[in-house]
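Each chain, letter by letter, is given below.
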Amino acid sequence: MRFALVDCNNFFVSCERVFNPKLIGKPVVVLSSNDACVIARSNEAKALGIAMGAPAFECEQIFKKHNVIVYSSNFALYGDMSARVMQVLSQYATDIEIYSVDEAFLFLPKQQNYTQYIQYIRKQVKQKTGIPVSIGIGLTKTLAKVANKFAKKSADGVFDLTAFENNDQFLEQIEIQDVWGIGYRYAKLLKSKKIFNAKNFKYMDERWVRKNMTINGLRTLQELNGISCISLNNAPATKKSITVSRSFGKNVTNINELKEAVSTYANIACEKLRAQKSIASNISIFVCFRNYQDNDRYYKFLNYTLPIASNYTPDFIKAATGCVEKIFRQGIIYKKAGIIINDLIPHDFIQMHTSHALADIEKQNKISNIFDKINKKWGRDSVSYASAGIDKLWKVKRLKKSDCYTTSWSEILTIRI
DNA sequence: TCTGGGGTCCTAGGACCC
DNA sequence: TCTGGGGTCCTAGGACCC
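This section reports on the structure supplied with the text. (Residues numbered from 1 in each chain as written. Chains lettered and ligands numbered in written order. Predicted model: local features only at pLDDT ≥ 70, side-chain atom pairs only at ≥ 80, totals over all residues. Heavy atoms only, no water.)

**Re the nonpolar core**
Line of reasoning, step 1. If you look at the biggest cluster of nonpolar residues, it comprises 37 residues, and the most contacted ones within it are Phe 11, Leu 89, Leu 106, Leu 108, Ile 121, Ile 131 and Ile 135.
Line of reasoning, step 2. Among the elements of the structure, strand E1 (3–8), helix H1 (11–19), strand E2 (28–31), helix H4 (75–90), strand E6 (103–107), helix H5 (114–129) and strand E7 (133–138) are those that each provide at least two residues to this core.
Line of reasoning, step 3. Setting aside anything within four residues of it in sequence, one finds Leu 89 in contact with Val 6, Ile 96, Ala 104, Leu 106, Ile 121 and Val 125.
Line of reasoning, step 4. Within the second largest apolar cluster, 36 residues are counted, among which are Ile 268, Cys 270, Ala 280 and Phe 328. (Core = buried A, V, L, I, M, F, W, Y, C linked by side-chain atoms within 4.5 Å. Buried < 20%, exposed > 50% of the residue type's maximum accessible area, 1.4 Å probe, protein only. Helix = DSSP H or I, 4+ residues; strand = E, 2+ residues; numbered from the N terminus. Contact = heavy atoms within 4.5 Å.)

**Focus: the pattern of salt bridges**
Line of reasoning, step 1. Tallied over the full model, the rule gives ten salt bridges.
Line of reasoning, step 2. Linking Glu 325 and Lys 259 is a salt bridge whose minimum nitrogen-to-oxygen distance equals 2.6 Å. On the criterion of sequence distance, the pair formed by Glu 325 in helix H12 (residues 313–327) and Lys 259 in helix H11 (residues 255–275) is long-range, its members being 66 residues apart. (Salt bridge = Lys/Arg side-chain N within 4 Å of Asp/Glu carboxyl O.)

**A closer look at the environment of Pro 314**
Line of reasoning, step 1. Here Pro 314 shows up in helix H12.
Line of reasoning, step 2. Given the relative accessible area of 23%, Pro 314 is considered partly exposed.
Line of reasoning, step 3. Considering only alpha carbons, one finds Pro 314 and Asn 267, 47 residues apart in sequence, at a separation of 8.3 Å.

**So, the protein's contact with DNA strand C**
Line of reasoning, step 1. As a structural note, the neighbourhood of DNA strand C is formed by 13 residues, with Glu 103, Lys 145, Gly 181, Gly 183 and Tyr 186 the closest of them.
Line of reasoning, step 2. Counting only atoms of DNA strand C within 4 Å of the protein, the sugar-phosphate share comes to 100%.
Line of reasoning, step 3. Gly 181 has a polar backbone atom sitting 3.0 Å from a phosphate oxygen of DNA strand C.
Line of reasoning, step 4. Measuring from a phosphate oxygen of DNA strand C, one finds a backbone N or O atom of Gly 183 at 2.8 Å.
Line of reasoning, step 5. Contributions of two or more residues to the surface near DNA strand C are made by strand E5 (95–100) and helix H8 (184–191).
Line of reasoning, step 6. The biggest single contributor to the surface near DNA strand C is H8, with three residues.
Line of reasoning, step 7. Among the residues making up the surface near DNA strand C, the classes are represented as six nonpolar, three polar and four charged. (Near = heavy atom within 4 Å. Polar contact = N/O pair within 3.5 Å; in protein donor to acceptor, adjacent residues only side chain to side chain. Nonpolar A, V, L, I, M, F, W, Y, C, P; charged D, E, K, R; others polar.)

**Section: the sheet that holds E6**
Line of reasoning, step 1. Pairing in this open sheet of five strands is mixed, and the strands run E5-E6-E1-E7-E8 from one edge to the other. The sheet is open, and its two borders are formed by E5 and strand E8 (158–160), each paired with just one other strand. The average undirected angle you get between the axes of adjacent strands in this sheet is 15°.
Line of reasoning, step 2. The pairing of E5 with E6 spans five bridges and is antiparallel. (Pairing = 2+ DSSP bridges. Axes fitted to C-alpha atoms, helices over the stretch in contact; angles between N-to-C directions.)

**So, the packing of H11 against H12**
Line of reasoning, step 1. Where H11 contacts H12, the two axes come as close as 8 Å, and the packing angle between them is 145°. Seen from above, H11 lies across H12 with right-handed handedness. Contact with H11, carried on its side by Ile 255, Leu 258, Lys 259, Val 262, Ser 263, Ala 266, Asn 267, Cys 270, Leu 273 and Arg 274, involves Thr 313, Phe 316, Ile 317, Ala 320, Thr 321, Val 324 and Glu 325 of H12 and no other residues of that element.
Line of reasoning, step 2. Classifying every residue of the contact of H11 with H12 gives ten nonpolar, four polar and three charged. (Left-handed = near helix turned anticlockwise from the far one by under 90°.)

Next comes the structure, spelled out in structure tokens:
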């Protein structure tokens, strides 16, 4: 059994480069929403010392000095490119888990020569999508992750950890906080026990790990020892909660703008809810704000339960704007708001005892279907709710976004000969 | 001035039941 | 002062991932 981990190199930057080859060889970064901080860097940008997550305003100097090309994030483009990469990968695996927008675990079919096989997959992805990937192979998902780190550094972008009888020499090079499943907190704890790398951890006492790092820590330890405990999760993810939140593009002090924002987020969240055929009755809204008198940050949170589980946008808009009325305080500068929908259940669980309302629910479903169809065909917000606002002056800034080359007819790439 | 957005899982402890 | 034994469910908080 072989697990492979495929990781797209500098994914967001690579997506931009596919449609703008002039960017190749130059330092390029992509910023988070609101153009706030750096979330993707080309190798050239990394070499300049630009850190992941660095605030954009702090990098201004470096950007200018080295002619760094800066993009706002274009998630429609990245999402579509991701789907293309995954589609190609699935042709060469017996099973695939799409782990994130730029990563996938594969079960590989039995091979004589695994290195050759993953080199071939890599070539296919590059040829069919333009995206460069790195591929690592291991006996477990955790080891495939380790292998991928070496693949990233290797000249041909692939690495097979199972080609070695003993992999300790490689595990020794992986710092403890870089092991999949061990984050900042556990790394700190482990270092205090003189555990500095993956090899040290591999030989730790299982009882101690179970006691201090929960069952998850124990799984990680066993996976490093080649015992597969974390299986491939290929089920289409049915989410258990949906969050939509954004920072504002300007200071928001007015209740109507805050209501517009949460209405907009409720609209997006309900689209997602319906897309996965779920309903829910529990909604929370939160706002982040700043009191200009003491220059402190705050976070306010309010939970609300709908009388009946639903996926009908107006139900959620009503609930969300109701929460805003309770939370809002005059004279406060709001920076960000969001809505979280919890306790999702399949939509056919709709309570039968509410039979008197079934006719209403059917009517609502029809309206939702039409909404979703129109927006799918013509783009998000082609039809929307008035409460979500028209001008949306509070919307996030994305000043340097590239076009949606693959998902919008009006922005398709034009070539002049 | 300006620091993202979206998820999952595990555990301890409290509330409550007989 | 002493104060059973066994169980379930829920929640907050903490850990992790990209």
